[in-house]
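# Coordinate analysis (summary)
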Amino acid sequence: MSAGTYTPRPGAAPLPRMIAAQTALETRMLLRNGEQLLLTVIIPTLLLVLFSAVDIVDTGSGASVDFLAPGILALAVMSTAFTGQAIATGFERRYGVLKRLGASPLPRWALMTAKTLSVLVTEVLQIVLLTAIAFALGWSPQGNPFAVLLLLVLGTAAFSGLGLLMAGTLKAEATLAAANLVFLLLLVGGGVIVPLDRFPDAVQSVLGLLPISALSEGLRDVLQHGAGMPWAEAGILAGWAVLGLGAAARFFRWE
């Protein structure tokens, strides 16, 4: 037996394994957090069931669920990629978690990749659950699945960039308040439940440029009306994604 057979070989794990482990950890932490579950699962589900079953808002001709389901899917993306991620990352930054992880063998870009993958995993679970509930309520979607997937990916990128920008520049308490306030404001004025054409004409043009409006209206064009790729909404989301991710990369503070 040659010398050194039992010599330890310390070193970092392969990068893909580190990213996968961090992704699994981030996902478990998110799903175990009661506040995150309220934002990502309970609120979207309650809104979908309530407004589909009770005629509170005039959603136009056709079944209410056909109008509401695309908007609720957009809300689910925003709740996870923006609100939930901003709050969680903001407090991790405050408590020094990000600083310590940034000094580990896991590169900082890989940490952000793991956070993004965790968001995607959570969104898949959300979409499966909300889609099943919508089908039970009588939803009959149509349109191109590729267009839906592209819109969801662009929406995730846009909201992730904005969430990381907020978490990396504001104090944790300010991030908590601002993220929840933005969530409520966009829920009301982003075309999720109330159609944009119910607002004054001057306001519609501004609201239509918001990422939640672009995502909800784009998904609605495809899933409710069977349209092809809504390039205008996709362009708005791509613009927000470039702006948000670029600003987050430039201004994010780890301490």
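What this report covers is the structure whose coordinates are included nearby. (Residues numbered from 1 in each chain as written. Predicted model: local features only at pLDDT ≥ 70, side-chain atom pairs only at ≥ 80, totals over all residues. Heavy atoms only, no water.)

What follows covers the overall build of the chain. Check the secondary structure of the chain and you find 10 helices and 0 strands. In the chain, the succession of α and β elements from N to C terminus is α-α-α-α-α-α-α-α-α-α. Computed over C-alpha atoms, the radius of gyration of the chain comes to 20 Å, within 12% of the 18 Å expected from 2.2 N^0.38 for 255 residues, which places it in the range of a compact globule. Viewed in the frame of its principal axes, the chain has a C-alpha envelope of about 80 × 40 × 35 Å. Put simply, the chain has 255 residues, and 46% of those count as buried. A fraction of 81% describes how many contacts in the chain between residues 6 or more apart in sequence connect residues 24 or more apart. Within the structure as shown, the chain displays about 12,400 Å² of accessible surface, and the carbon and sulfur contribution to it stands at 69%. One finds the centroid of the 15 positive side-chain charges in the chain at a distance of 22 Å from the centroid of its 14 negative side-chain charges. (Helix = DSSP H or I, 4+ residues; strand = E, 2+ residues; numbered from the N terminus. Rg over C-alpha atoms; globule rule 2.2 N^0.38 Å. Buried < 20%, exposed > 50% of the residue type's maximum accessible area, 1.4 Å probe, protein only. Contact = heavy atoms within 4.5 Å. Areas by Shrake-Rupley, 256 points an atom, 1.4 Å probe, with all protein chains shown as cover. Lys, Arg positive; Asp, Glu negative; His and termini not counted. Charge placed at Lys NZ, Arg CZ, Asp CG, Glu CD.)

A few words now on the pattern of salt bridges. It is possible for side chains bearing opposite charge to pair when their charged atoms get close. The tally for this structure, following the rule as stated, stands at 5 salt bridges. For E92, the salt bridge goes to K115, with nearest N and O atoms at 2.6 Å. Of this pair, E92 sits in helix 3 (residues 64-94) while K115 is found in helix 5 (residues 108-136), placing the two residues 23 residues apart along the sequence. Each member of the pair, E92 together with K115, is buried. Residue E173 is joined to R94 by a salt bridge in which the shortest nitrogen-to-oxygen separation is 2.4 Å. With a gap of 79 residues between them, E173 in helix 7 (residues 172-189) and R94 in helix 3 connect regions that are remote in the sequence. With relative accessibility at 41%, the residue E173 sits in the partly exposed group. Residues participating in the shared-partner salt-bridge network are E26, E92 and K115. (Salt bridge = Lys/Arg side-chain N within 4 Å of Asp/Glu carboxyl O.)

What follows deals with the packing of helix 6 (residues 145-169) against helix 10 (residues 231-251). Running from amino to carboxyl end, helix 6 crosses helix 10 at an angle of 30°, the nearest separation of the two axes being 7 Å. Between helix 6 and helix 10, the angle is such that the two are roughly parallel. You can see that helix 6 and helix 10 cross each other, and the crossing is left-handed. For the pair formed by helix 6 and helix 10, the contact residues are L151, L154, G155, A157, A158, G161, L162, L164, L165, G168 and T169 on the first element and A234, L237, A238, W240, A241, G244, L245, A247, A248 and F251 on the second. Of the residues in the contact of helix 6 with helix 10, the class split is 16 nonpolar, 5 polar and no charged. (Axes fitted to C-alpha atoms, helices over the stretch in contact; angles between N-to-C directions. Parallel < 35°, antiparallel > 145°, perpendicular 65-115°, else oblique. Left-handed = near helix turned anticlockwise from the far one by under 90°. Nonpolar A, V, L, I, M, F, W, Y, C, P; charged D, E, K, R; others polar.)

With that out of the way, let us pick up the layout of surface pockets. Within this model, the largest pocket holds a volume of roughly 220 Å³. Along the walls of the largest pocket sit 13 residues, with E26, M29, L30, A88 and E92 positioned nearest its centre. Those elements that place two or more of their residues in the lining of the largest pocket are helix 1 (15-32), helix 3 and helix 5. Per-element tally for the lining of the largest pocket: the top contributor is helix 3, with 5 residues. Its residues assigned to classes, the lining of the largest pocket shows 4 nonpolar, 6 polar and 3 charged. (1 Å grid on protein atoms, 1.4 Å probe; cavity = no way out; pocket = protein on both sides within 12 Å on 5 of 7 lines; lining within 4 Å. Points joined across faces, edges and corners; volume = space filled by probe spheres on them.)

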